[in-house]
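The chain contents come next:
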Amino acid sequence: LDASECRHMCAYLGWGIEEADLLDLDRDGKVTLKDFELFVGRLGGVQQLFEQRRLRISASRRDVCDHAGIVVGARVRAHFYVQRQKSRSWREAVVLGVGVESKPDAEGPATLGILLEFGFGGGTRPDPTALGSSSRWRARQVVPPSWVLSSVE
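What this report covers is the structure whose coordinates are included nearby. (Residues numbered from 1 in each chain as written. Predicted model: local features only at pLDDT ≥ 70, side-chain atom pairs only at ≥ 80, totals over all residues. Heavy atoms only, no water.)

Describing the overall build of the protein
The helix and strand inventory of the protein stands at four helices and nine strands. Its helices and strands taken in sequence order, the protein reads α-α-α-α-β-β-β-β-β-β-β-β-β from the N to the C terminus. Within the protein, the proportion of its 153 residues that are buried is 29%. A separation of at least 24 residues holds for 47% of the contacts in the protein among residues at least 6 apart in sequence. (Helix = DSSP H or I, 4+ residues; strand = E, 2+ residues; numbered from the N terminus. Buried < 20%, exposed > 50% of the residue type's maximum accessible area, 1.4 Å probe, protein only. Contact = heavy atoms within 4.5 Å.)

Overview of unusual backbone geometry
Positive phi is not limited to glycine here, since Gln83 has a value of about 50°. Here Gln83 lies in the loop between β4 (81–82) and β5 (85–86). Classification of Gln83 as exposed rests on a relative accessible area of 75%. Of note in this structure, Arg84 is not a glycine but carries a positive phi near 65°.

Points about the pattern of salt bridges
Scanning the entire structure with this criterion turns up two salt bridges. Across the pair Glu92 and Arg75 runs a salt bridge whose closest N-O atoms are separated by 3.1 Å. Separated by 17 residues along the polypeptide, Glu92 in strand β6 (residues 91–102) and Arg75 in strand β3 (residues 75–78) bring together distant segments of the chain. Exposure remark for Glu92: the relative accessible area of 35% places this residue in the partly exposed category. Given a relative accessible area of 44%, Arg75 falls into the partly exposed group. (Salt bridge = Lys/Arg side-chain N within 4 Å of Asp/Glu carboxyl O.)

Considering the nonpolar core
Ranked by internal contacts, the top residues of the largest apolar core, which has 16 residues, are Val76, Val95, Ile114, Leu116, Phe118 and Val148. Broken down by secondary-structure element, the contributors of at least two residues to this core are β3, β6, β7 (111–120) and β8 (137–143). Of the residues forming this core, the biggest block, four residues, is contributed by β7. Non-local contacts of Val95, meaning those with residues more than four positions away in its chain, are made with Ile70, Val71, Val72, Gly73, Ala74, Val76, Ile114, Leu115 and Leu116. (Core = buried A, V, L, I, M, F, W, Y, C linked by side-chain atoms within 4.5 Å.)

Here's the deal with the sheet that holds β8
Spatial ordering of the open sheet is given by β8-β7-β6-β3-β9, a layout of five strands whose pairing is antiparallel. A single partner strand is all that each edge strand has here, and the edge strands are β8 and β9 (148–151). Geometrically, the sheet is characterised by an average inter-axis angle of 40° between neighbouring strands, direction not taken into account. Taken together, the seven bridges between β7 and β8 define a ladder with antiparallel strand orientation. Within β8, the residue paired with Leu115 across the bridge is Val142. (Pairing = 2+ DSSP bridges. Axes fitted to C-alpha atoms, helices over the stretch in contact; angles between N-to-C directions.)

Next up, the structure:
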């Protein structure tokens, strides 16, 4: 690998400049197959290499979903469930959690989604004479990440 390829690999593995420098054992500006084999061997093998990557990525992204940079506390526009189906329109919601396990059907597999809190009912100026118009209620739902359309700025 040349210097550029080595930087890309290190970024993928979650490493900094220090680790990239450690890979070039003979300091010739390239990481040869022998250099890489020795380095990975010193780490404890390929499984250890990828376990370290997995731990670094999960630790650094606990409150971030890798779908469109969704973060806990963000206000977003998203679809919601209506009678177990995707809504036709979107609503604004607040992100309460990412990577939340959801099991929509008793027989289906669990999936990871985004926990959102939607506000329904009432407006900014409810009509006090209309029945139920002043009531505002909230719903929390775990939705698929693809249902989040955009953030609200």
